[in-house]
Amino acid sequence: MTQHQRLLIIDFGSQVTQLIARRLRELNVYCEIHPYQNVTDAFLADFAPKAIIFSGGPDSVTREGSPRPPKSAFTLGVPILGICYGQQVMMQELGGLVESGHGTAEFGRAFVTPTGTNLAILDGWFSEGREQVWMSHGDHVSRIAPGFEVFGTSPGAPFAITADLKRNFFAVQFHPEVHHTPRGAKLYENFIRLAGFTGDWTMASYKDDAIAKIREQVGDKRVICGLSGGVDSSVAAVLIHEAIGDQLTCVFVDHGLMRQGEAGEVVSMFRDNYNIPLIAADESELFLGELEGVTDPEVKRKTIGRLFIDVFQKYADEIEGAEFLAQGTLYPDVIESVSFSGGPSVTIKSHHNVGGLPEKMGLKLVEPLRELFKDEVRALGRELGLPEKFIGRHPFPGPGLAIRCPGEITREKLEILRQADAVYIDQIRKHGLYDEIWQAFVAILPVRTVGVMGDGRTYDYACALRAVTSVDGMTADYYPFTHEFLGETATRIINEVKGINRVTYDITSKPPGTIEWE
Ligand code: XMP
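Residues numbered from 1 in each chain as written. Predicted model: local features only at pLDDT ≥ 70, side-chain atom pairs only at ≥ 80, totals over all residues. Heavy atoms only, no water.

### Things to note about unusual backbone geometry
Backbone phi values are negative for most residues with the exception of glycine, while trans is the configuration of most peptide bonds.
Point 1. A cis amide bond, omega -15°, links Lys510 with the succeeding residue Pro511.
Point 2. Along the chain, Pro511 falls in the segment after β20 (500-505).
Point 3. A cis amide bond links Pro511 with the next residue in sequence, Pro512, at an omega value of 15°.
Point 4. As for its placement among the helices and strands, Pro512 is situated in the segment after β20.
Point 5. The backbone phi angle of Ala48 is positive, close to 50°, even though this residue is not glycine.
Point 6. Relative to the helices and strands, Ala48 is located in the loop between α2 (41-47) and β3 (51-54).
Point 7. Although it is not a glycine, Asn168 adopts a positive phi angle of roughly 60°.
Point 8. Relative to the helices and strands, Asn168 resides in the loop between β10 (157-164) and β11 (169-172). (Helix = DSSP H or I, 4+ residues; strand = E, 2+ residues; numbered from the N terminus.)

Written as structure tokens, this is what we have:
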């Protein structure tokens, strides 16, 4: 099996740590993010990174007990790049000084100008004399560690870019991973080139590795795979089928929270395209029954997660030799789940395919996509020859319409939501916008509003349209529909869907919003 060159990102809790991983993956570098608490000396030795990045973080290195990397990181002999908090912790650990207090904070756009001789990782920088960067720090380095030189400075950060060229340690006060540092990607590219990465992380090699890994993990046992019709589970199922053939049985659970006509579509799409054994289970009574009266988003998610596992377990019991449950868990889910076990970043939502798993489960997990971001899953799907109609589908969350129905979920609301959503998606397709939009859906709001239709008063639900552009769902912008499109869509929904008399358009980006409403 190929062993990829590996880069380790030690996470000190920045909200943008995942963007570092994105930038590196785009450069065909395999990297993993691990919270600093888990990175012990033994872990480091075992992981054997070719380079290390220290992320930013919300803490202050001047606080006693604040996060630190293991000391052995500095003696492994591999290049290290420290970003923001990562820069400060590197300085502190190597004998420099970091101070906090009045006048040390700097947030937002800043300009760095070069000082000293040229530095290889700044190749392609400073062609215009200065470089725009994004700063976000409360403390600042007031004395650099022995062995370091200054290569860039900004008004608020005299040591904006420093390096110890002997040891290949680099430290920047700003965030090169965010798009407000326009040439930040170049800095990563130079860093990984200098560290000797050859860009060996490709989808073709990933596919072969993944197939070998699945065969090794599963042996001659049987696997059941939860199929949702979404890209992730479809790609996971086809990949596993390629690895172990008929040892795989797919289970499609209709939880009563699918979109209009979706359950039938998923089943026929899979049966027509693939010869994979498929059980279609209508469990809508069970799910909707248990969700009755539940309004809290986390309780909804956990309930659905728990029921999914119960149902899978039930079908697995009927399949002789089934010992494994396959899931289309993605890397962002894995990283987010880290915070459940005390990682430094704040938990935003429990994704059902991670957060809802019970402690004790009879089935072992097969998660062949857990190292991938969404756009990489699509690339893998193409590598596996999946039809474009699978690959191009907008993502649909495991908890389904439950998280697009804030407040209590009722069958009446679900039916109204399905109809409105179908009209909306039809509009988007008719205007040729489906492929331009990363994800679009309707949320039904838990309020009724007064309207007038014909000569009569109406008192019906309001709904919100959502459409976003994104690369991987981690950040998103709302889609700039024309007013004509929005007006036409609102008219169609109100005319065609009984139960809705008001349509709004959600123009929140992520962050600060999330894509789904719950
Ligand atoms: P948020 O709402 O967190 O969503 O901005 C980001 C992306 O993830 C999808 N999503 C989920 N997918 N299980 C899934 O499989 C989940 O529990 C889940 N929650 C959100 C969401 O649709 C969007 O594409």
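The discussion continues.
### Some remarks on the confidence of the model for the protein chain
Point 1. In this model, the protein chain carries an average pLDDT of 90, and 94% of its residues clear a pLDDT of 70 or more.
Point 2. Note on residues 337-347: pLDDT is under 50 here. Beyond four places in sequence and across chains, it has 22 contacts.
Point 3. In the predicted structure, residues 354-358 sits below a pLDDT of 50 and forms 15 contacts with residues beyond four places in sequence or in another chain. (pLDDT = per-residue confidence, 0-100. Contact = heavy atoms within 4.5 Å.)

### Focus on the sheet that holds strand β4 (residues 80-83)
Point 1. Strand order in this open sheet of 9 strands is β2-β1-β3-β4-β11-β10-β9-β6-β7, and the pairing throughout is mixed. Since the sheet does not close on itself, it has two edges, and those belong to β2 (30-35) and β7 (131-137), each with one partner. Pairwise comparison of adjacent strand axes, ignoring direction, gives a mean angle of 25° for this sheet.
Point 2. Where strand β6 (residues 106-114) lies against β7, 7 bridges are found, and the strand directions are antiparallel. Directly across from Val112, in β7, lies its bridge partner Glu131.
Point 3. Here helix α1 (residues 17-26) sits on the sheet in contact with β1 (6-11), β2, β3 and β4, set at roughly 165° to β2.
Point 4. Most of the contacts of helix α3 (residues 85-93) go to β4, to which it runs at about 115°, and overall it touches β3, β4, β7, β10 and β11. (Pairing = 2+ DSSP bridges. Axes fitted to C-alpha atoms, helices over the stretch in contact; angles between N-to-C directions.)

### Let's talk about the packing of aromatic side chains
Point 1. On inspection of all chains with the given rule, the structure shows 18 aromatic pairs.
Point 2. Here Phe12 and Phe54 contribute two aromatic rings whose centre-to-centre distance is 6.0 Å and whose plane-to-plane angle is 85°, an arrangement assigned as edge-to-face. Of the two residues, Phe12 is situated in the loop between β1 and α1 and Phe54 in strand β3; the sequence distance between them amounts to 42 residues. Of the two residues, Phe12 and Phe54, both sit in the buried class.
Point 3. Between Phe481 and Tyr505 the ring centres are 5.4 Å apart and the planes differ by 55°, which places this aromatic pair in the tilted class. Of this pair, Phe481 sits in the loop between β19 (477-478) and α15 (483-496) while Tyr505 sits in strand β20, placing them 24 residues apart in sequence. Considered together, Phe481 and Tyr505 belong to a single accessibility category, that of buried residues.
Point 4. The rings of Phe12, Tyr36, Phe54, Phe74, Tyr85 and Phe169 are connected pair by pair, giving a single aromatic cluster. (Phe/Tyr/Trp six-rings, centres within 6.5 Å; stacked < 30°, edge-to-face > 60°. Buried < 20%, exposed > 50% of the residue type's maximum accessible area, 1.4 Å probe, protein only.)

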